[in-house]
Structure formats: C-alpha cells, structure tokens
Amino acid sequence: MSRVALLYDNTQRPETTGVYCRRALEELTRSGRIASIEHILPSDLARLQAEKNRWDLIIAVDDGLDYDLPADTAPVVWWAIDTHLEFERSLRRARHARWTFAAQKNGAEKLRQYGNDATWLPLACDPELHGRPTVPKQ
C-alpha cells in the first residue's frame with residue numbers, strides 16, 4: 001500500500017479523530033512507509049469515485065456525519081467511533097468496508113453480532129498534543 005485517502009469531515013469539528021489519524025499517517029509518509037496521504041472531505045466523495053485508481057486504500061474515520069462510503073474504489077477501512085450514538089449508520093458503513101474497527105469494545109461486539117468482522121480499536125491520545133505524563137504504572 002502506498003497511496004492512502006483519508007476520508008473524514010473536519011469543518012464542523014476541527015478536533016475530530018481523523019485529524020489525529022492524519023498526523024500519524026503523515027509521519028509514515030515522512031519515514032517512507034507509505035508514499036502519500038491525502039485528506040478527502042465527504043463533500044468530495046465524487047472525486048473518490050472519479051479517481052478510483054489513484055488510491056491503494058481509503059480510510060474512513062467516523063466524523064458523526066451521515067454519508068455512504070465509496071463503492072467500487074480502493075479497499076475501504078471503516079473506523080466507527082460513535083457506535084453508541086448511531087449504530088445503524090455504523091452498521092451500514094461496516095457492510096461496505098473491507099475492514100471495520102470500532103472505538104468501543106461493545107460496539108465491535110455488536111457489529112460482529114450483525115455479521116461484520118469488526119475489531120476493537122480504542123481511541124488514544126496524541127502525546128505531542130496532550131502531553132506525556134510521567135506517572136508510575138499501577
């Protein structure tokens with residue numbers, strides 16, 4: 001995999017999880033692990049369809065908005081963040097993605113109950129932005 005499209009909206013909530021994913025993926029481009037990362041807004045979904053051979057992978061990060069994931073393009077990864085708020089939206093997207101992850105453990109379990117091979121991928125912090133406290137492990 002070398003060319004990655006990262007699909008999420010950051011116009012309504014600039015601090016959305018997709019921003020942190022983008023920072024991490026940009027680090028992978030600097031290290032040469034992936035060739036390029038490009039942020040795509042949901043308003044540009046038609047571009048994903050039109051340029052479907054441009055990307056090797058599309059990563060869609062839950063941004064709380066309701067739109068369909070691109071079809072007949074590069075493989076899609078779906079990271080459902082808010083399965084506890086709009087489960088039907090997460091389920092619909094999971095059915096169109098090749099790989100599905102869920103930020104809540106019970107969300108991943110519920111997606112699996114509906115026939116999706118969902119994996120639990122919890123949220124984390126960005127040490128550069130949130131700090132790296134030195135506290136004893138307990």
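Residues numbered from 1 in each chain as written. Predicted model: local features only at pLDDT ≥ 70, side-chain atom pairs only at ≥ 80, totals over all residues. Heavy atoms only, no water.

A. Inspection of the overall build of the protein chain at higher detail. What the protein chain contains, in helices and strands, is five helices and six strands. Taken from the N to the C terminus, the helices and strands of the protein chain come in the order β-α-β-α-β-β-α-β-α-β-α. Computed over its C-alpha atoms, the radius of gyration of the protein chain comes to 15 Å, within 12% of the 14 Å expected for a compact globule of 138 residues. Dimensions of the protein chain, computed from the C-alpha atoms along their principal axes, are close to 50 × 40 × 30 Å. (Helix = DSSP H or I, 4+ residues; strand = E, 2+ residues; numbered from the N terminus. Rg over C-alpha atoms; globule rule 2.2 N^0.38 Å.)

B. How the structure looks around the pairing of strand β3 (residues 57-61). A large share of β3 lies buried, amounting to five of its five residues. Along β3, one buried face is formed by L57, I59 and V61 and the opposite face, lined by I58 and A60, is buried too. Relative to β3, strand β1 (residues 3-7) runs parallel, the two being bridged by four bridges. When the sheet's bridge partners are listed, A5 is paired in β3 with I58. One ladder, built from four bridges, connects β3 with strand β4 (residues 76-80); its direction is parallel. Bridged to I58 within β4 is V76. (Buried < 20%, exposed > 50% of the residue type's maximum accessible area, 1.4 Å probe, protein only. Pairing = 2+ DSSP bridges.)

C. Main features of helix α1 (residues 17-30). The terminal C-alpha atoms of α1 lie 21 Å apart, and with 14 residues this matches the ideal 20 Å at 1.5 Å per residue to within 8%. Of all the positions in α1, only T17, G18, C21 and L25 are classed as buried. Down the axis of α1, the sector holding all buried residues measures 85°, keeping them to one side. Among the structural elements, β1, β2 (36-40), β3 and β4 are those in contact with the buried residues of α1. (Expected span 1.5 Å × (residues − 1). Arc of directions from axis to C-beta. Contact = heavy atoms within 4.5 Å.)

D. Spotlight on the pattern of salt bridges. Applying the stated criterion to the full structure yields 12 salt bridges. A salt bridge links R3 to D56; the shortest N-O distance between them is 2.9 Å. Of this pair, R3 sits in strand β1 while D56 sits in the loop between α2 (45-50) and β3, placing them 53 residues apart in sequence. Of the residues examined, R3 reaches a relative accessible area of 30% and is grouped as partly exposed. For D56, a relative accessible area of 27% corresponds to the partly exposed category. Salt-bridge contacts for R54 lead to E38; the nearest nitrogen and oxygen are separated by 3.1 Å. Pair noted here: R54 is in the loop between α2 and β3 and E38 is in strand β2, with a separation of 16 residues, a long-range link. What you see here is one network of salt bridges that share partners, running through E38, R47, E51 and R54. (Salt bridge = Lys/Arg side-chain N within 4 Å of Asp/Glu carboxyl O.)

E. The arrangement of the side chain of T16 in detail. By the secondary structure assignment, T16 is in the loop between β1 and α1. Those residues in contact with T16, other than ones at most four positions away along the chain, are Y8, D9, N10, D62 and D63.

F. How the structure looks around unusual backbone geometry. A positive phi angle, near 55°, is found at D72, a position not held by glycine. When you line up the elements, D72 lands in the loop between β3 and β4.

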